[in-house]
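Residue-level structural notes
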Amino acid sequence: MNIQFSTMDIMHKEMREDMIQAFANVYDKGWYISGEECDLFEKEFADFCKVKFCVGCSNGLDAIHLMLLSAGIGDGDEVIVPSNTFIATALAVSYSGATPVLVEPNLNSYVLEAKEIEKKITKKTKAVIVVDLYGQMADMEPIANLCKKNGILLFEDAAQAHGATYKSKNIGYYSDGATFSFYPGKNLGALGDAGAFITNNKILADKFRELSNYGSSSKYIHDSIGYNNRLDELQAAFLRIKLKSLNKITEERQRIANKYLENINNNKIILPVVESDRTHVWHIFSIRTENKNNLKEYLSKHGISTGEHYPIAICDQTAYKNNDFGDLPISRTIAKQQLSLPLYFGMTDLEIEYVIQKINNY
Ligand SMILES: *Cc1c(COP(=O)(O)O)cnc(C)c1O
């Protein structure tokens, strides 16, 4: 058997006619940036997230950057981010002029908890960005209380967690705002780069929109040094179609993940923990093992591709060689031991069972 780590083939075959129709509609309408499709997608995605405002933009990284700028965060400020995340979360903080401060996650659920964040709060801390890593939300209620107590903002980088919940509440409920990536491989993906910011705060939403469009609140009036970080009509049209299937696709991801959780029983493998107050949307099914290269090679020999999220911790990246992040043993352990199993819409039972069998025989 040959099992890819991820593929969109099956999902995209199902949607092909609708996607081509969407392309034709936008093509014929002749309006390609920030138009009717963007407006409709923003409304539909805000409804999906149960928040008041959604502003589409160019990608997930720009979304985090503009979210920070919208809140007035910049030079001299500190922003707390997880020590184990995709580099984009930290990069966006650096773009803003603020300093990223890294906080260790829970080693089993891979997301942030209040007690570790509290240790890193200083007078300069302006915000915390939690990352709903692999598709699971952070421990939001205590974190939100901690942020309130300290007068700092709470944001979510939800690039991996479209549709995840915490205590039955959606992303954006406990925070001042959240960003999404619609990179093609994300749970909700465009056919190119795209992103969004969601919030219940009108001031932040308006500022974000202004900054994403040349700092302009109305045509040729420029109130700030803005950017060109807008969403394309085509991508919005494609996203509207995919959004309709997102719940179905998430349920399928959950079914596959649950099969892994129930049937993988090899004491060399540490399975991911889903906290009981959360629904996980399984962007990544992340396991850990002592000698991951050994396991990776073994699975590869049996035709099973795997991923790594992420093999080098942020504190060990050359880009951040001049930052002193302190001792971060948990994120280094995750970087060393972490491996991601195949999980995608359309994976057959035979394929799922094959992966389980091979891992159990390892
Ligand atoms: C993908 C991702 C991003 C960046 O999104 P892009 O759309 O690729 O810019 C940011 N944060 C996390 C956690 C991601 O997984």
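This section reports on the structure supplied with the text. In this text, all values refer to a predicted model and were calculated from it rather than measured experimentally.

Bringing the sheet that holds strand β4 (residues 125-131) into the picture now. Ordered in space as β1-β9-β8-β5-β4-β2-β3, the seven strands form an open sheet in which the pairing is mixed. Taken across any chain shown, the strands that pair with only one partner, and hence form the sheet edges, are β1 (53-57) and β3 (99-103). Here the average twist between neighbouring strands, direction ignored, is 25°. For β1 and strand β9 (residues 195-199), the ladder comprises five bridges, and the chain directions are antiparallel. Directly across from V55, in β9, lies its bridge partner F197. Most of the contacts of helix α7 (residues 202-212) go to β1, to which it runs at about 15°, and overall it touches β1, β5 (153-157) and β9.

Turning next to the packing of helix α2 (residues 36-49) against helix α8 (residues 233-263). Between α2 and α8, the shortest axis-to-axis distance is 8 Å and the interhelical angle comes to 30°. Relative to α8, the element α2 is oriented roughly parallel. Note on packing geometry: the crossing formed by α2 with α8 is left-handed. Across the interface between the two elements, E36, E37, C38, L40, F41, E44, F45 and F48 from α2 touch E233, A236, A237, L239, R240, L243, L246 and N247 from α8. Residues of the contact of α2 with α8, tallied by class, amount to 10 nonpolar, one polar and five charged.

A separate point is the packing of aromatic side chains. Inspection of the entire model under this criterion finds 15 aromatic pairs. A ring pair is formed by Y110 and Y134, whose centres lie 5.3 Å apart and whose planes are at 75°; its orientation type is edge-to-face. Within this pair, whereas Y110 is found in the loop between β3 and α5 (114-120), its partner Y134 is found in the loop between β4 and α6 (140-150), the two being separated by 24 residues in sequence. Accessibility assignment for this pair places Y110 and Y134 in one class, buried. With centroids separated by 5.1 Å and ring planes inclined at 50°, the aromatic side chains of Y298 and Y362 adopt a geometry described as tilted. Taken together, the residues Y298 in helix α9 (residues 292-301) and Y362 in the segment after α11 (349-361) connect sequence positions 64 residues apart. By the ring-pair criterion, three or more aromatic residues cluster together here, those being F41, F45, F48, F180 and F182. The cationic tip of K169 hangs over the ring face of Y173; the distance from NZ or CZ to the ring centre is 5.0 Å. Seen from the ring of Y362, K268 lies directly overhead, with NZ or CZ sitting 5.4 Å from the centre.

In the segment running from H309 into Y310, the intervening peptide bond is cis, with an omega of 15°. Relative to the helices and strands, Y310 is located in the loop between α9 and α10 (329-337). In this structure, K50 takes a positive phi of about 55° despite not being glycine. Within the element layout of this structure, K50 appears in the loop between α2 and β1. At Y214, a position not held by glycine, the phi torsion is positive, near 60°. In this fold, Y214 is placed in the loop between α7 and β10 (216-218).

Scoring rules and cut-offs
- Residues numbered from 1 in each chain as written.
- Predicted model: local features only at pLDDT ≥ 70, side-chain atom pairs only at ≥ 80, totals over all residues.
- Heavy atoms only, no water.
- Pairing = 2+ DSSP bridges.
- Helix = DSSP H or I, 4+ residues; strand = E, 2+ residues; numbered from the N terminus.
- Axes fitted to C-alpha atoms, helices over the stretch in contact; angles between N-to-C directions.
- Contact = heavy atoms within 4.5 Å.
- Parallel < 35°, antiparallel > 145°, perpendicular 65-115°, else oblique.
- Left-handed = near helix turned anticlockwise from the far one by under 90°.
- Nonpolar A, V, L, I, M, F, W, Y, C, P; charged D, E, K, R; others polar.
- Phe/Tyr/Trp six-rings, centres within 6.5 Å; stacked < 30°, edge-to-face > 60°.
- Buried < 20%, exposed > 50% of the residue type's maximum accessible area, 1.4 Å probe, protein only.
- Lys NZ or Arg CZ within 6 Å of the ring centre and 35° of its normal.

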